[in-house]
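Descriptive structure summary
One letter stands for each residue in the lines below.
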Amino acid sequence: MASVTTFASAGVLDEIARDDTGLRRWLHGLPGVDEVGADARAAMLGTRSIKSTSKRWALDLAIRMVDLTTLEGSDTPGTIRSLAAKARRPDPEDPTCPQVAALCVYNDLVTEAKAHLAGTPIKVAAVSTAFPSGRASLAVKLTDTADAVRAGADEIDMVIDRGAFLSGRYAKVYEEIVAVKAECGDAHLKVILETGELVTYDNVRRAAWLAMLAGADFLKTSTGKISPAATLPVTMLLLEAVRDWHDVTGRVVGVKPAGGIRTAKDAIKHLVLVNETAGPDWLDPDRFRIGASSLLNDLLLQRRRMEIGAYASADHLTLG
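Basis of the calculations
- Along each chain, residue indices are assigned from 1 in the same order as the chain's sequence is written.
- Since the coordinates come from a predicted model, pLDDT governs what is reported: local features require at least 70, and pairs of side-chain atoms require 80 or more to be given and counted, while whole-chain, interface and lining totals use all residues.
- Derived side-chain values reflect all non-hydrogen atoms in the structure, with water molecules and hydrogen atoms excluded from consideration.
- For this analysis, a salt bridge means a side-chain nitrogen from Lys or Arg found within 4 Å of a carboxyl oxygen belonging to Asp or Glu.
- We count a stretch as a helix when DSSP gives it H or I for four or more residues in a row; a strand needs E for two or more, and each element gets its number in order from the N terminus.
- Accessibility here uses a 1.4 Å probe with only protein chains present; expressed as a share of the type maximum, an area under 20% marks a residue as buried, one over 50% as exposed, and anything in between as partly exposed.
- A pair of strands is treated as paired once DSSP finds two or more bridges between them.
- Crossover handedness is defined here as right-handed if the route from the first strand over the helix to the second strand goes clockwise, with the strands pointing away from the viewer.
- For Phe, Tyr and Trp, rings pair up if their centres lie within 6.5 Å, where Trp contributes its six-membered ring, and each pair is then called stacked (planes under 30 degrees apart), edge-to-face (over 60) or tilted (otherwise).
- Expected helix span is given by 1.5 Å per residue-to-residue step, counting one fewer step than there are residues.
- Note on contacts: a residue pair qualifies if any of its non-hydrogen atoms lie within 4.5 Å across the two residues.
- Polar contact is defined as a pair of N or O atoms within 3.5 Å, subject to the rule that within protein one atom must be able to donate a hydrogen and the other to accept it, and that residues adjacent in sequence are counted only when both atoms are side-chain atoms.
- Inter-axis angles, ranging from 0 to 180 degrees, are taken between N-to-C directions of lines fitted to C-alpha atoms, where helices are fitted over the stretch in contact.
- Relative orientations are named as follows: roughly parallel for angles under 35 degrees, roughly antiparallel for angles over 145 degrees, roughly perpendicular for angles from 65 to 115 degrees, and oblique for any other angle.
- Two helices cross in a left-handed way if the nearer one is turned anticlockwise from the farther one by less than a right angle. They cross in a right-handed way if the turn is clockwise.
- Note on residue classes: Ala, Val, Leu, Ile, Met, Phe, Trp, Tyr, Cys and Pro are nonpolar, Asp, Glu, Lys and Arg are charged, and everything else, Gly too, is polar.

1. Observations concerning the pattern of salt bridges
According to the stated counting rule, one finds 26 salt bridges in the structure shown. Among the ionic pairs, Asp147 bridges to Arg150, the shortest N-O distance being 2.5 Å. Of this pair, Asp147 and Arg150 both sit in helix α7 (residues 138-151), separated by three residues, roughly a single helical turn. The partner of Asp157 in a salt bridge is Lys220, with the nearest N and O atoms 2.8 Å apart. In this pair, Asp157 is assigned in strand β4 (residues 155-159) and Lys220 in strand β6 (residues 218-220), connecting sequence segments 63 residues apart. Taken together, the salt bridges that share partners define one network made up of Asp67, Glu155, Asp157, Lys190, Lys220, Lys256 and Arg289.

2. Digging into the pairing of strand β1 (residues 66-69)
Residues Val66 and Leu68 point to one face of β1 and Asp67 and Thr69 to the other, with burial holding for every one of them. Two elements, β1 and strand β2 (residues 102-106), share three bridges in a ladder whose sense is parallel. Considered in β2, the bridge of Thr69 is made with Cys104. Handedness of the crossover joining β1 and β2 through helix α5 (residues 77-88) is recorded here as right-handed.

3. Digging into the packing of aromatic side chains
Under the defined criterion, the tally for this structure stands at four aromatic pairs. Plain terms: the ring middles of Tyr106 and Phe131 are 6.1 Å apart, the flat faces sit at 75 degrees to each other, and that makes the pair edge-to-face. Placement of Tyr106 in strand β2 and of Phe131 in the loop between β3 (123-128) and α7 is noted, with a sequence separation of 25 residues between them. For Phe131, a relative accessible area of 11% corresponds to the buried category.

4. A short note on helix α11 (residues 232-249)
Compared with an ideal rise of 1.5 Å per residue, which puts 18 residues at 26 Å, α11 spans 25 Å between its outermost C-alpha atoms and is within 8% of the ideal. For α11, the buried fraction is high: 13 of the 18 residues fall into the buried class. Looking at the residues trailing α11, positive phi occurs at Gly250, about 80 degrees.

5. Some details on the environment of Arg18
Here Arg18 lies in the loop between α1 (4-11) and α2 (20-27). Sequence separation of Arg18 and Tyr174 is 156 residues, and the distance between their C-alpha atoms is 7.8 Å. Aside from chain neighbours lying at most four places away, what touches Arg18 is Leu13, Leu23, Ala171, Tyr174, Glu175 and Leu213. Within the local environment of Arg18, its side chain forms a polar contact with the backbone oxygen of Ile16, the two atoms lying 2.8 Å apart. Within the local environment of Arg18, its side chain forms a polar contact with the side chain of Tyr174, the two groups lying 3.1 Å apart.

6. A few points about the packing of helix α10 (residues 201-213) against α11
Following both chains from N to C, one finds α10 and α11 inclined at 40 degrees, their axes separated by 10 Å at the closest point. In terms of orientation, α10 and α11 fall into the oblique class. Here the hand of the crossing between α10 and α11 comes out right-handed. The residues of α11 that touch α10, namely those facing Tyr201, Val204, Arg205, Ala208, Trp209, Met212 and Leu213, are Pro233, Val234, Leu237, Leu238, Glu240, Ala241, Val242, Asp244 and Trp245. Taken together, the residues of the contact of α10 with α11 break down into 13 nonpolar, no polar and three charged.

Structure follows, in structure tokens:
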């Protein structure tokens, strides 16, 4: 069977008709995913360990890749103030601990997040387009995005219309991504595929390529609101997609697994997956993020263990 890169090169991306018929013909022509093989490869990579001399580097890299996230209906300005302080200084007792990549919040709290992260390189990401369902008109989705950008969001995390995708209305999904991308201006666009609702690995691959055709800067697995969220096989498929896209177009697209990554061990499995699938160039917060709310504390505890040779109490860490 032809590889994705061979198929994409032969297909001439610029000549794909951006209507349902053209997109369906092209997306359904992508090489199918061997689900058993994908599961087996992801499981095998997930068993690999790294040398103890590299573990501190891996823990620090994982911290730098975290999109520290709070997406609860009970979020308040105080919640954001607390998490912003944690993002700036994850370990209050260790000034050498790196900062996280971003703070991910709802639109109406972007201004609060920006104020408390001023003077830092930490990005503010806003979930948009009727998150998490995506069930709204395009006009509402664009207004949602414009509000976040106007408030200062550096990154927009949009959700695709899974109902449209699953019913084969690929042009609607494509056009919405294009329109939201245009509304983003200088903000980067992360496209959430909600892979747990896409049913098959073939659909995950198709959704990934559709999003990249439409201009996504990042592919994000999940909203974190449904299960399963981020899994190793699905993350591997997205990493393969961005690797192949770069081979064909020269354009870099990042990957963000989100939901269910809670331990340092989970994070390191993902770093191994990145290195072995997309390559070491993707071991960078500009190309790989981890969306998480509870992961950071375990990374900090493991980091402290390496320093003192024993597990420290979590009392010196803030909640979040």
